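# What the coordinates show
For reference, the chains in residue letters:
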Amino acid sequence: IDTLAAINQDLVINKSLRLYARGQSARFGNGRNLTLSATGASTQITLENLWISGRIDASIGSSTAAHSQQLTLRGLRITPSLLGETATVSVTASGSVTSSYSLTIEHCHLLENGFAPSTHAALRIYHQSTQGTVTASVRENQIMAAAHGVLLWMNSRNSVSFIDAN
């Protein structure tokens, strides 16, 4: 993505993909975002070195226990494009998830949008299901926030979370 103009459409990634950006900075228009959907049988999505002004909304996991998913965000620089937006990076597993998945967020720079409500944070990870096997690793990030830096909700008894050096 190499433009100074705002990207005035949502971008959606819903298949296995490894995207390595060259550190180019892109800006999403008001209300637009990057949507990641790692919900398929063995979906693996990796984003590296992507710099954007906007939001990343990700959904992960499936209702089939035999499935597994992986989402990796590494070296990202994410700032909100609009004050009052929800979390800068939001990862959600719905209440019907029974699959196994891993989430890795490392070496990222995440900036909170400056509002106090709990939906507004630099990073929001929400696993609603009481089932599924979750491994979440949030390591060595720079998370800048005035109110809420990280909101982490893991409802499954099979959750393992590593939060280190942020």
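The following refers to the structure shown.

All right, on to the sheet that holds strand β8 (residues 68–74) then. Here we have 6 strands laid out as an open sheet, ordered β2-β5-β8-β11-β14-β17, and parallel in their pairing. Both outer strands of the open sheet, β2 (17–20) and β17 (159–164), are each paired with one neighbouring strand and no more. Strand after strand, the sheet turns through a mean of 0° between neighbouring axes, direction not considered. Sheet topology note: the strand β5 (residues 44–48)/β8 ladder contains 5 bridges and is parallel. Note on β8: the bridge partner recorded for Ile45 is Leu71.

Right, let's get into the packing of aromatic side chains. The way to describe two aromatic rings as a pair is by their centre distance and the angle between their planes. Summed over all chains, the structure comprises 1 aromatic pair. Residue placement shows Arg77 over the ring face of Trp51; its charged tip is 4.8 Å from the ring centre.

Strand order in this open sheet of 6 strands is β1-β4-β7-β10-β13-β16, and the pairing throughout is parallel. Every interior strand has two partners, whereas the edge strands, β1 (11–13) and β16 (150–154), have only one. The sheet shows a mean angle of 10° between the axes of neighbouring strands, taken without regard to direction. In terms of strand pairing, strand β7 (residues 56–60) meets strand β10 (residues 89–93) through 4 bridges, oriented parallel. Across the sheet, residue Asp57 finds its bridge partner in β10, namely Ser90.

Right, let's talk about the environment of Ser96 for a bit. By the element assignment, Ser96 lies in the loop between β10 and β11 (100–106). Taking the relative accessible area as the measure of exposure, Ser96 reaches 44% and is therefore partly exposed. Spatially, the C-alpha atoms of Ser96 and Gly61 are 8.7 Å apart, while their sequence positions differ by 35 residues. The residues touching Ser96, leaving out its near neighbours within four places in the chain, are Ser62 and Ser63.

Rules and cut-offs
- Residues numbered from 1 in each chain as written.
- Predicted model: local features only at pLDDT ≥ 70, side-chain atom pairs only at ≥ 80, totals over all residues.
- Heavy atoms only, no water.
- Pairing = 2+ DSSP bridges.
- Helix = DSSP H or I, 4+ residues; strand = E, 2+ residues; numbered from the N terminus.
- Axes fitted to C-alpha atoms, helices over the stretch in contact; angles between N-to-C directions.
- Phe/Tyr/Trp six-rings, centres within 6.5 Å; stacked < 30°, edge-to-face > 60°.
- Lys NZ or Arg CZ within 6 Å of the ring centre and 35° of its normal.
- Buried < 20%, exposed > 50% of the residue type's maximum accessible area, 1.4 Å probe, protein only.
- Contact = heavy atoms within 4.5 Å.

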